[in-house]
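Tertiary structure, described
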Amino acid sequence: ERSERQVQAVWPPLRPELAGIEPYGAPQLDVPVQLNVNENPYGPSAECVADIAEAAAEAAVTLNRYPDREFVELRRALAEYLSKDAPVSADMVWAANGSNEVMLQLLQAFGGPGRTAVSFAPTYSMYPEYARDTHTEWVAGAREDDFSLDLDKARALIEEVRPSVVLLPSPNNPTGTALPPEAIGLLCEVVGDRGIVVVDEAYGEFRRAGVPSALESLATWRNLVVTRTMSKAFAGAGLRLGYLAAHPAIVDAIRVVRLPYHLSAVTQAVALAALRHAPELLGKVDELRSERDRTVDWLRGQGHEVAESDANYVLFGRFADRHAVWQGLLDHGVLIREVGPDGWLRVSIGTAAEMDTFKTALVAVLNPRG
Ligand code: PMP
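Parameters at a glance
- Residues numbered from 1 in each chain as written.
- Predicted model: local features only at pLDDT ≥ 70, side-chain atom pairs only at ≥ 80, totals over all residues.
- Helix = DSSP H or I, 4+ residues; strand = E, 2+ residues; numbered from the N terminus.
- Expected span 1.5 Å × (residues − 1).
- Buried ≥ 20, exposed ≤ 12 C-beta atoms within 10 Å, placed from the backbone.
- Arc of directions from axis to C-beta.
- Contact = placed C-beta atoms within 7 Å.
- UniProt positions renumbered as here; feature names shortened; annotations may be inferred.
- Domains from an automatic or database assignment.
- Nonpolar A, V, L, I, M, F, W, Y, C, P; charged D, E, K, R; others polar.
- Pairing = 2+ DSSP bridges.
- Right-handed = clockwise from strand over helix to strand, strands pointing away.

Let us look at helix α11 (residues 285-301). Taking 1.5 Å as the rise per residue, α11 with 17 residues should run 24 Å; its terminal C-alpha atoms sit 24 Å apart, in good agreement. If you check which residues of α11 are buried, you get Leu288, Arg289, Arg292, Thr295 and Val296. Down the axis of α11, the smallest arc covering the buried residues is 120°, so these residues share one side. Opposite its buried face, α11 presents the exposed residues Asp286, Ser290, Asp297 and Gly301, each directed more than 90 degrees away. Packed against the buried residues of α11 are β9 (305-306), β10 (313-317) and α13 (352-366). Positive backbone phi, approximately 90°, marks Gly303, located one or two places after α11.

In this structure's numbering, the residues bearing the UniProt feature "domain: Aminotransferase class I/classII large" (unreviewed entry) are residues 33-358. Its end C-alpha atoms 8 Å apart, residues 33-358 is made of 39% helix and 16% strand.

What follows covers the domain arrangement of the chain. When the domains of the chain are assigned, the result is domain 1 (2-44 + 283-366) and domain 2 (46-280). Taken together, the contact pairs 24 residues of domain 1 with 26 residues of domain 2. Going through the elements one at a time, α11 and β10 are the ones with two or more residues in the side of domain 1 that touches domain 2. Taken together, the residues of the side of domain 1 that touches domain 2 sort by class into twelve nonpolar, seven polar and five charged.

Before going further, it helps to spend a moment on the pairing of strand β6 (residues 196-200). The buried count for β6 comes to five of five residues, which makes it a mostly enclosed element. Side chains Ile196, Val198 and Asp200 project from β6 onto one buried face, and the interleaved Val197 and Val199 project onto a second face that is buried too. Note: strand β5 (residues 165-169) against β6, five bridges, orientation parallel. Paired with Leu168 across the bridge in β6 is Val199. As for the winding sense of the linkage, the β-α-β connection from β5 through helix α7 (residues 181-191) to β6 is right-handed.

Pasting the structure below:
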């Protein structure tokens, strides 16, 4: 009885497995060059801002009412946008406040006690958190030394664990590694009707020529889910709009776990306005891809190890004391990310001027007397 009283003396009365856990998130520091959370460095034009503001004002007039719970117009617009890659209809589309929320909803609907989610490390560090928060067992297989996936090992792990959810980012965060085209069919087949395969294409628009989108496989695999976001290539990280394309029955299942009216009227209106400006907002993607390739070449030229990247960031190393390098760059006003396997650092691709500052700072940090 006494020990029960002692347990109750711990306050607040948090689930014990959450005690002492730091909330996920990179440091938000106000420094001149921010290359740490894979944002698009280019903001909207004045014309685009005006259109978004007008859309927000129109939504504001109706704010005494709840928004369209099914966000029909937005789903149609997102379906039309995705249809550039493969035919997608509105009933195959779902959206939420960032693809983080989409993914949590997927785990709420398809994970849960007694079920298992699988991914392959190193990978996006939020995945185990979705699993934890939905009481889903988490199993992480390993990637190869070059961060690629050995498909035979992946198949063996899935056959052993029989997961109800497989989470596969393509490109992978933090390594930038894209899935080879044959991976999707192979993994969807192994998982079968017992689970879903989520291909997280948060950075899909940055992939190099010749790497197809998983959207093309939706017509073949009913257990395939492809997630996307407006946060990265679309230059809308502040908007908080992520979405997915999947079989309509999967979309219907998510409707059971979503909160009512989870997408505000303002979010819906602003996302629709942003989609009308897709050509402008995506207009810098080619430039960012070239800048990425130049950054990879430059880092290799400097003698660093660099992971192949299909994303808007580059993982490079390896450093005996990566924290010292990270801190040294920060002292030069350049914020990057201390993430991934020990010894590696990740830099997001910024403007050409920002990348020049990064390069100059890195040389200074690594050659302090030079
Ligand atoms: N997936 C991956 C692989 C990511 O890196 C991120 C963001 N860092 C997300 C999903 C979630 O992004 P958002 O919630 O902004 O859509």
